[in-house]
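# Observations on the three-dimensional arrangement
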Amino acid sequence: MRLVISKSIIVVLLIGCIGVSLSSMANSAIRYDIKEKVGDMDFQYIPGQGVKLTVFGVPVFNGSSLWVMTPGWLSRIYGMNDQPKLMEEATIEPYKKGKKITLYHYLSAEHNCPFSGTETFILLPDNTYTTTIEFTLAQDTPAIIEWNVGGFNPFLIIGKSYSAITGTAKRSLLGIIPVEARSSGIAESMVARGFSRIILTSRIGPIEITSDPQSDPVFFDYRKNQWADENKPLFWLGFLERDIPPKKRISYTISMKFPQQMKFESTSSGMTSIHPSVKVVDNAQTPNWEQNYIIPIPKHLKYTGQLFPVSNRTKIYLGKKPTGTIENAIEFFLRDLKELYQIQPMVVYDEVPSGKENEPAIVLGEKLRYTIPYRKCEEKGLTLPDNNEAYCLSVDADNVFITANTDTGIFYGLTSLLQLVKVTDQGIYLKGAEIIDYPALEFRGIHCLSGKDAGDEIAKAVRTLMARYKINTLIWQVEYLLWDSHPEIASAQYGMTKSDAQKVVDTAKKYHIELIPLIPSLGHTEWIFTNSQHLDLAEDPDKPYAYCVTNPETYTFIFSIFQEALEFFKPRYFHIGHDEVTTDARFPYRSKKFGKTATDLIMEDINKLHTWLTERGIKVMLWGDMFLHRDEASSAAFAPSVAEAKKRRALLPKDVVICDWHYDATDTPETFKSLKLWKEEGFDAIGCGWYFANNIRNLAKACRMYKNKGYLQTTWAGFNFKIDGNEPSWFQYWAYLWAANYAWTGDNLEVSKLPFSAKQVFLDVWSERKPILEKKSGFFIDLQEVYNRRLDDDNRKTGWLGYGRDLDLSAFPKDRNLFGETQFLIHPNSRNESAVVFSGKFNPTGSYPEQLEVALDHLRVSELHFLMTAAFRTNDNTDVGEITFFYTDGTKTSQKLIYGRNIFAFNDVRTGLGCRLVWQGNANLGQPLGMWDVIWENPNPDKKLTKIAIRSFGTEASPVILAITGVN
């Protein structure tokens, strides 16, 4: 069962993130989605995402999927994105005073796809929603189907009761949907299986779900599943993996009946106006910047409590004749000090003068070149490990010493030193610390793709997100560079110029990152056929995906590209891709006439590429999935049998480096058994993970446990690399920090126990957030008179949001007023209430303001800070409220509260632009909690304010405010 879910989710995620099928479909489709409204239901179907259904404006489903695969998920027979005319041929027709939408799933005859079927969605005015799939498998071939009817919104039902009738014996079930998911296992998380009816007591009223129990529908809690996206919690509704009998018409149906009238548990009190007391203070903001961690976490770190002051007068001694690499390291260090803290220490290309060894200074030196730092660290018991990337660092009140075996170690010592900066109202310091550090894994890499006009952004990522955190390798997938040797395949959409790519090459070299080019070969070679070119080289001419190994012209082409890449990148290693060769088109097809099997073609191609690259002194890397059977690996294993997998591995040259990718979000490193297999068979292997936290930490641990070469973090966020403005993909980039940490440390400490928030750190460093360096005056607004909710809860569920003690904000500090660099006044009222909860659809019993107007006595501000959160989650990019600012001249300006961008639910600990995650804690059962400083920068700081109006738009994500601070 675990295999079922893991495979389907990975297929969905890969296609959704890379977007290859979507982009090709969109070019030929007449419409890009289907939208219909019937009764109180809003239906939308988006190719690649599936169904989105809202009722009374509340999200019920967010995504569905359909996959037809060979057993074991070895290859795809049909996927929900494969029909290029899915939207064009879809029909929408009147049906019983409602609407019937039909999607036609099939492929044209030349694809020889045995699967065909229809997926229908019926929406009726009485708020009944029915979805059915009918299908046939025309050939006697092993196949399975999995149909996820929808990712059900958990916040509709958690904490609420349900009843169910299951099985043909009509067994009755009663229960409460748990506030916190019970388990990662499917059986333990099951609400009902094989049900004929489920009645959910939801926050929009009773929801009745019906189906045929003999078709074995399932409804289970997916929130703790190993494949769950923590940013998109859901319950899974539909039909898990089923064998498909050939030549038989089969159908599955699920129907849902929603209430015809929504009855809120709460009411809106309309507008509330207050003229609060305002307390003027000289420290509305105060310098308060420091990290209580270093990323990656060092092997030995001891904070001493001392402070070393750093200023423009501070001297940095490099010793005589430092390498250019040391100079690059110093440039990295000085740039941060200047940009973030406005200080420029003096660099001295000499040794510390005799007799002045104890005068305040930062002193750098390798063990065998400039030995004072080495001796000073030894005197403090800091013994330098025998590792080329190791370093020791000592900071006390008088001196800073960094020693290492190599200039790379010096660079890593400096990146750690930058994380010891502390800013107070007294000045800028380096925190006293003693560090001994070295990496657990030799290879610590990031994989990403190129992109049109993306050179500056990728170069920034190399410096800011990779080098800063001791990543030492970039595997850069560059098939869409504009190749001089073949201008005919230049992609207008993805093409990257060499001059743009050179920025990335130069930055990687400057900061100790080895760049390894990756150009997909054999499989995933759609790039060769860009602009409908070279179709004669395709193995399957009807679906140009893999190239034809038996056509000699293939190698004339591929080696001309490889040669150009070698001349440009001058690499030691070359990654040839070679993954998923048999999963997306007929293979073999053209080569069948030569009697070639898939194994014959795969090994023949690898040997040709390996021989060619080896003759030029280049080592080969490739993905490992085609050389594993599912019995030998947790996932990503596409050999048809164990025997065939062994045969392929036996034919592999022993000097190739295997990039063994597995995206299982498992709880144990032992899951990744193929890493042990590669080691035992004499191959260097690199474990390759994706963005799931458990995947990263346990896969990196497995690499260390099995003594593999290292860990690689893969990125699948589209063929155009983009971070700026690409919030939906940020989860893939803050995962770089987890990867850097776990690959360096080799441990697998749970993410919730790490001393840092990867999400907030990512946003801070990417946006180059600058700490404030001096106090700023301002004022506090006292909201005591409008507080309407406690932060804690009780067994009677009368507090916070009525979940009880298991999920409340009782962990929020009651005696603290400094959050980040901003002071807030939180003044509980006589009922111990300290939060203003605004109106919303999911609020517990009570009356809540739709709008709060706060009168101000002609105050001038540069910024306003709102300590706030939201009560419940909703879909990202939903407008959930608005804050309007009124000036004395009668003008006004507004700032939207947009979910997933600048406002988040208290148990959705992400962050975004325009806000900072300034407090994190945990609920009683361990669920992460947060509070945010939402910042408004006054576009007219010379104008005075008369009032501010905070308004809820009445969605389920009710805004919550604890305090407001103005900054002059």
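These numbers were taken from a predicted model, which means no experiment stands behind them. (Residues numbered from 1 in each chain as written. Predicted model: local features only at pLDDT ≥ 70, side-chain atom pairs only at ≥ 80, totals over all residues. Heavy atoms only, no water.)

### Looking at the packing of aromatic side chains
Summed over the entire model, instances satisfying the criterion amount to 53 aromatic pairs. Relative to Y691, the ring of W690 has its centre 5.0 Å away and its plane inclined at 75 degrees; by these criteria the two rings are edge-to-face. Exposure remark for W690: the relative accessible area of 0% places this residue in the buried category. Owing to a relative accessible area of 7%, Y691 belongs among the buried residues under this scheme. An aromatic cluster is defined as three or more aromatic residues linked by ring pairs; in this entry it consists of F43, Y45, F61, F121, Y129, F152, F219 and F235. The ring of F886 has K947 sitting right over it, with the charged end atom 4.6 Å from the ring centre. (Phe/Tyr/Trp six-rings, centres within 6.5 Å; stacked < 30°, edge-to-face > 60°. Buried < 20%, exposed > 50% of the residue type's maximum accessible area, 1.4 Å probe, protein only. Lys NZ or Arg CZ within 6 Å of the ring centre and 35° of its normal.)

### Quick look at helix α14 (residues 693-705)
A rise of 1.5 Å per residue sets the reference length of α14, with its 13 residues, at 18 Å; its end C-alpha atoms lie 18 Å apart and thus fit the reference within 8%. Listed in full, the buried residues belonging to α14 are A693, N695, I696, R697, N698, L699, A700, A702 and C703. Its buried side turned inward, α14 meets α13 (673-680), β37 (684-689), β38 (710-713) and α15 (730-745). A positive phi of about 60 degrees marks K707, the residue just after α14. (Helix = DSSP H or I, 4+ residues; strand = E, 2+ residues; numbered from the N terminus. Expected span 1.5 Å × (residues − 1). Contact = heavy atoms within 4.5 Å.)

### With respect to the pairing of strand β30 (residues 427-437)
In terms of burial, β30 is a largely internal element, 10 of the 11 residues being buried. Inspection of the sheet shows strand β23 (residues 300-309) paired to β30 by 7 bridges, in the antiparallel sense. Paired with L301 across the two strands is I435, which belongs to β30. Relative to β30, strand β27 (residues 391-395) is paired through 5 bridges, and the arrangement is antiparallel. (Pairing = 2+ DSSP bridges.)

### Considerations on the nonpolar core
In this structure, L417, W476, F562, L652, W738 and F762 are the most contacted members of the largest nonpolar core, which totals 183 residues. Considering each element in turn, this core owes the most residues, 13 residues, to α15. Those residues in contact with F562 that sit more than four places away from it in its chain are I519, F574, I576, L609, W612 and L613. (Core = buried A, V, L, I, M, F, W, Y, C linked by side-chain atoms within 4.5 Å.)

### Structural notes on the pattern of salt bridges
Counted according to the given criterion, the structure contains 49 salt bridges. The partner of R790 in a salt bridge is D792, with the nearest N and O atoms 3.0 Å apart. Of the charged contacts in the structure, one is a salt bridge between K896 and D879, with a shortest N-O distance of 3.4 Å. One end of the pair, K896, is in strand β47 (residues 892-898); the other, D879, is in strand β46 (residues 879-887), with 17 residues separating them in the sequence. Among the charged side chains, a salt-bridge network with shared partners connects R76, D82, K543 and D584. (Salt bridge = Lys/Arg side-chain N within 4 Å of Asp/Glu carboxyl O.)

### Describing the sheet that holds strand β9 (residues 115-124)
The strands making up a sheet are joined through hydrogen bonds of the backbone, oriented either antiparallel or parallel. The antiparallel open sheet is built from 9 strands, whose spatial order is β7-β8-β9-β10-β19-β16-β15-β12-β13. Looking at strand neighbours, the two that pair on one side only are β7 (91-95) and β13 (171-176), the edges of this open sheet. Between one strand axis and the next, the sheet turns by 15 degrees as a mean value, whatever way the strands run. Note: strand β8 (residues 98-105) against β9, 7 bridges, orientation antiparallel. Residue pairing in the sheet places H105 in a bridge with G117 of β9. (Axes fitted to C-alpha atoms, helices over the stretch in contact; angles between N-to-C directions.)

### Looking at α13
For α13, the set of buried residues is S674, L675, L677 and W678. In an axial view of α13, the angular spread of the buried residues amounts to 160 degrees, which keeps them on one side of the axis. Looking at the buried side of α13, the elements it contacts are α12 (642-651), β36 (657-661), β37 and α14. Note on α13: the residue one or two positions beyond its end, G682, has a positive phi of about 90 degrees. (Arc of directions from axis to C-beta.)

### Some points on the sheet that holds β37
Around the barrel, which closes on itself, the 8 strands sit in the order β31-β32-β33-β34-β35-β36-β37-β38 with parallel pairing between neighbours. The mean inter-strand angle of the sheet, taken between neighbouring strand axes irrespective of direction, is 25 degrees. Pairing of strand β35 (residues 619-623) with β36 involves 3 bridges; the strand directions are parallel. Within the sheet, the bridge partner assigned to W623 lies in β36 and is C659.

### Details of unusual backbone geometry
Negative phi values dominate among residues other than glycine, just as trans dominates among peptide bonds. With an omega dihedral of -5 degrees, the bond running from I295 to P296 counts as a cis peptide bond. Residue P588 is bonded to the preceding F587 through a cis peptide linkage, with omega at 0 degrees. Although it is not a glycine, K707 adopts a positive phi angle of roughly 60 degrees. Assignment of secondary structure puts K707 in the loop between α14 and β38. In the Ramachandran plot, W800 falls in the positive-phi region, its phi being about 30 degrees despite a non-glycine side chain. In this structure W800 comes out as buried when scored by relative accessible area, which is 0%.

### Examining the side chain of R586
With respect to the helices and strands, the residue R586 is situated in the loop between β34 (573-577) and α11 (598-615). A polar contact is formed between the side chain of R586 and the side chain of D540, at a distance of 2.7 Å. A distance of 2.5 Å separates a polar atom in the side chain of R586 from a polar atom in the side chain of D542. Apart from the residues within four sequence positions on either side, R586 is in contact with E110, E539, D540 and D542. (Polar contact = N/O pair within 3.5 Å; in protein donor to acceptor, adjacent residues only side chain to side chain.)

### A few points about the environment of A138
Within the element layout of this structure, A138 appears in the loop between β10 (128-137) and β11 (144-152). Considered as a pair, A138 and P114 are 24 residues apart in the sequence and their alpha carbons are 4.8 Å apart. Ignoring sequence-local partners within four residues, the contact set of A138 consists of P114 and K247.

Such coordinate-based values are descriptive only and should not be taken to indicate function.
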